[in-house]
Amino acid sequence: MPVTNHSNAQELWESLSDGRISSLDLIKNHMRESVILEYKEVPTDYRDGKFRTTVSRTVSGFANSAGGVVVWGVRTGQGNNKDTPTSVPGVSDPETFVQWLNSVIPNAVQPACITHTEVISRTELTPPIVVTYIPASDLPPHQAVLETNKPYYTRLDGQFKVMEHHMLEDMFGRRRRPSLSLDVVLLGNKKESTSPGPSLHLVTISTYSLVLRNKGRGPAKYTAVQLKVKPSGSRTAWRELSLYTKEYANSTIEFNTGIERLVYAGWHINLSHLEVTWYDLTRPIELTGVINAEDMTSIPIHYVLYPDGTINVL
């Protein structure tokens, strides 16, 4: 099939991953390296430190610019043809190479960024290749931490170049940042007996949903939500925990998204359900805490929950 220059990295990635473009198409149509495309031949000793720095530089450069696609297993020419694909030596053990990439990339740049890697199927005439898609990041600049001096790269004129000071200043100033909030929603109230048999003594049990939302323009990383229920004479219990949690002796619980999970702009995460058994209908429940994430000022939380279903935000 004919191959034309693609306007963005995601479009190119999709064309390669779904088979509309093969490695042979890249050669036949002389599809040169560009601001969004890079070819890399994979050496047999790719696990050594030198090739790790190549991965670090490549991820940094594409993440700090318009994003890009790396085609692993394609050889380019020399001289005036140094950016033109000439042959496809391929990747001898692509599944193992992908596993290696997936272990290196999360530590290749700081802060970490999102990438997608997959093996492209073998054709009759060429061995398999591996393709990595690096979207333009919402959290630039990304530092190539596997290189000795830990530089910041960008993609210019089909090459990875160290960013100048004024470029870094501008990028930090335009950085998209998260804005997290916690919504507490009453799911329902029900009456239950306090004893196994028939009883006239009923208590109200309220169930609340806790939803973490990102209303900012950038993804939230290393997100942690700490919550404490102030004793009030009623019983509380956490149900349906969806994230890693840690409970402390002072009635505090922490919800943590972990190292790799990001909360993207516009996303929400259901943290948990809080179940309250109201034994004292005169005293409300206070829910206090804090939300923390990278590139975001800590957000305090203070809710007051009443037996009649009223929820006040302080």
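Residues numbered from 1 in each chain as written. Predicted model: local features only at pLDDT ≥ 70, side-chain atom pairs only at ≥ 80, totals over all residues. Heavy atoms only, no water.

### Thoughts on the packing of aromatic side chains
Tallying each qualifying case throughout the model produces ten aromatic pairs. An angle of 20 degrees between the planes, with centres 5.7 Å apart, marks the rings of Trp 13 and Tyr 133 as stacked. Of this pair, Trp 13 sits in helix H1 (residues 9–17) while Tyr 133 sits in strand E7 (residues 129–134), and the two are 120 residues apart along the sequence. In this structure, Trp 13 and Tyr 133 share a single accessibility class: buried. On the basis of an interplanar angle of 70 degrees and a centroid distance of 5.7 Å, the ring pair of Trp 72 and Phe 97 is categorised as edge-to-face. Linking Trp 72 in strand E2 (residues 68–72) with Phe 97 in helix H4 (residues 94–104), this pair joins segments that are 25 residues apart in sequence. Neither Trp 72 nor Phe 97 differs from the other in exposure class; each is buried. The rings of Tyr 46, Phe 51, Trp 72, Phe 97 and Trp 100 are connected pair by pair, giving a single aromatic cluster. The cationic tip of Arg 155 hangs over the ring face of Phe 160; the distance from NZ or CZ to the ring centre is 4.3 Å. (Phe/Tyr/Trp six-rings, centres within 6.5 Å; stacked < 30°, edge-to-face > 60°. Helix = DSSP H or I, 4+ residues; strand = E, 2+ residues; numbered from the N terminus. Buried < 20%, exposed > 50% of the residue type's maximum accessible area, 1.4 Å probe, protein only. Lys NZ or Arg CZ within 6 Å of the ring centre and 35° of its normal.)

### Remarks on the sheet that holds E7
Strand pairing in a sheet takes place through backbone hydrogen bonds and is either antiparallel or parallel in direction. Strand order in this open sheet of four strands is E1-E2-E7-E6, and the pairing throughout is mixed. Edge positions in the sheet fall to strand E1 (37–40) and strand E6 (116–120), since each has one partner strand and no second. Sheet twist, expressed as the average angle between the axes of neighbouring strands with direction ignored, equals 20 degrees. Sheet analysis places E6 next to E7, joined by five bridges and oriented antiparallel. (Pairing = 2+ DSSP bridges. Axes fitted to C-alpha atoms, helices over the stretch in contact; angles between N-to-C directions.)

### Notes on the environment of Leu 156
Of note, Leu 156 is situated in strand E9 (residues 153–156). Overall, the relative accessible area of 38% leaves Leu 156 in the partly exposed class.

### Section: the side chain of Ser 56
Here Ser 56 lies in helix H3 (residues 49–63). Within the structure, the side chain of Ser 56 is placed 2.5 Å from the backbone oxygen of Ala 108, a separation counted as a polar contact. Leaving out residues up to four positions away in the same chain, Ser 56 has contacts with Ala 108, Val 109, Ala 144, Val 145, Leu 146 and Glu 147. (Polar contact = N/O pair within 3.5 Å; in protein donor to acceptor, adjacent residues only side chain to side chain. Contact = heavy atoms within 4.5 Å.)

### Observations concerning H4
If you check which residues of H4 are buried, you get Pro 94, Phe 97, Val 98, Trp 100, Leu 101 and Val 104. One face of H4 carries all of its buried residues, which in axial projection span an arc of 160 degrees. Those residues of H4 that are buried lie in contact with H3, E2, E6 and E7. (Arc of directions from axis to C-beta.)

### Focus: the packing of H3 against H4
Contact pair H3 / H4: the axes reach a minimum separation of 11 Å and the direction vectors enclose 65 degrees. When the axis of H3 is compared with that of H4, the two are roughly perpendicular. Between H3 and H4 the crossing geometry is right-handed. Of H4, the residues touching H3 (which contributes Phe 51, Arg 52 and Val 55) are Phe 97, Trp 100, Leu 101 and Val 104. The residue makeup of the contact of H3 with H4, split by class, is six nonpolar, no polar and one charged. (Parallel < 35°, antiparallel > 145°, perpendicular 65-115°, else oblique. Left-handed = near helix turned anticlockwise from the far one by under 90°. Nonpolar A, V, L, I, M, F, W, Y, C, P; charged D, E, K, R; others polar.)

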